[in-house]
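# Report on the structure
Each chain is listed here by its residues.
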Amino acid sequence: GCYLYYSPVNNTIYLADDTNKTWSSGAVIGAAGALNNGQCRLDLGASSAIKSGTTLTLSLSLSFFTGFQGPKNFYLLAEDTGWLATGWVQKASYTVGN
């Protein structure tokens, strides 16, 4: 899968490895470069994170590799310092093309 974890404290995003067992060392949203595993690639420079009050808007520039094509679901989990969490909520469905 293409699992991402974002920390607003330091504006850092992490990408899970292909086995979804370990996270990348992380990178700053908006910086040059990319994070990728065998399924997806996140272009950091083309992505952004904007916080306004209690609203956080993430715009992520994701591309997917051929082996990841087909129907997929998009889930979101919001957590406040480990105490309050929404649980995983399905927010969208889409089909990854060639």
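A brief look at the structure comes next. Note that the coordinates shown come from a computational prediction; the quantities given were computed from them, not determined experimentally.

### Side note on the overall build of the chain
Along its length, the chain carries 0 helices and 10 strands. Going from the N terminus to the C terminus, the chain shows its helices and strands as β-β-β-β-β-β-β-β-β-β. Against the 2.2 N^0.38 benchmark of 13 Å for 98 residues, the chain shows a C-alpha radius of gyration of 14 Å, consistent with a compact globule. Each principal axis of the C-alpha distribution contributes one length, and for the chain these read about 40 × 30 × 25 Å. Scored against the burial criterion, the 98 residues of the chain give a buried share of 19%. If you take every contact in the chain between residues at least 6 apart in sequence, the share linking residues at least 24 apart comes to 25%. Put simply, the chain shows about 6700 Å² of open surface, and 53% of that area lies on carbon and sulfur atoms.

### A short note on a nonpolar patch on the surface
Together, Leu56, Leu58, Leu60 and Leu62 make up an exposed nonpolar region whose accessible area comes to about 270 Å². Take Leu60: it is sitting in strand β6 (residues 55-64). On the basis of relative accessibility, which here comes to 32%, the residue Leu60 falls in the partly exposed class.

Each value, and the rule that gives it
Residues numbered from 1 in each chain as written. Predicted model: local features only at pLDDT ≥ 70, side-chain atom pairs only at ≥ 80, totals over all residues. Heavy atoms only, no water. Helix = DSSP H or I, 4+ residues; strand = E, 2+ residues; numbered from the N terminus. Rg over C-alpha atoms; globule rule 2.2 N^0.38 Å. Buried < 20%, exposed > 50% of the residue type's maximum accessible area, 1.4 Å probe, protein only. Contact = heavy atoms within 4.5 Å. Areas by Shrake-Rupley, 256 points an atom, 1.4 Å probe, with all protein chains shown as cover. Patch = residues over 30% accessible without salt bridge, like charges linked within 9 Å, V, L, I, M, F, W, Y side chains within 5 Å. Salt bridge = Lys/Arg side-chain N within 4 Å of Asp/Glu carboxyl O.

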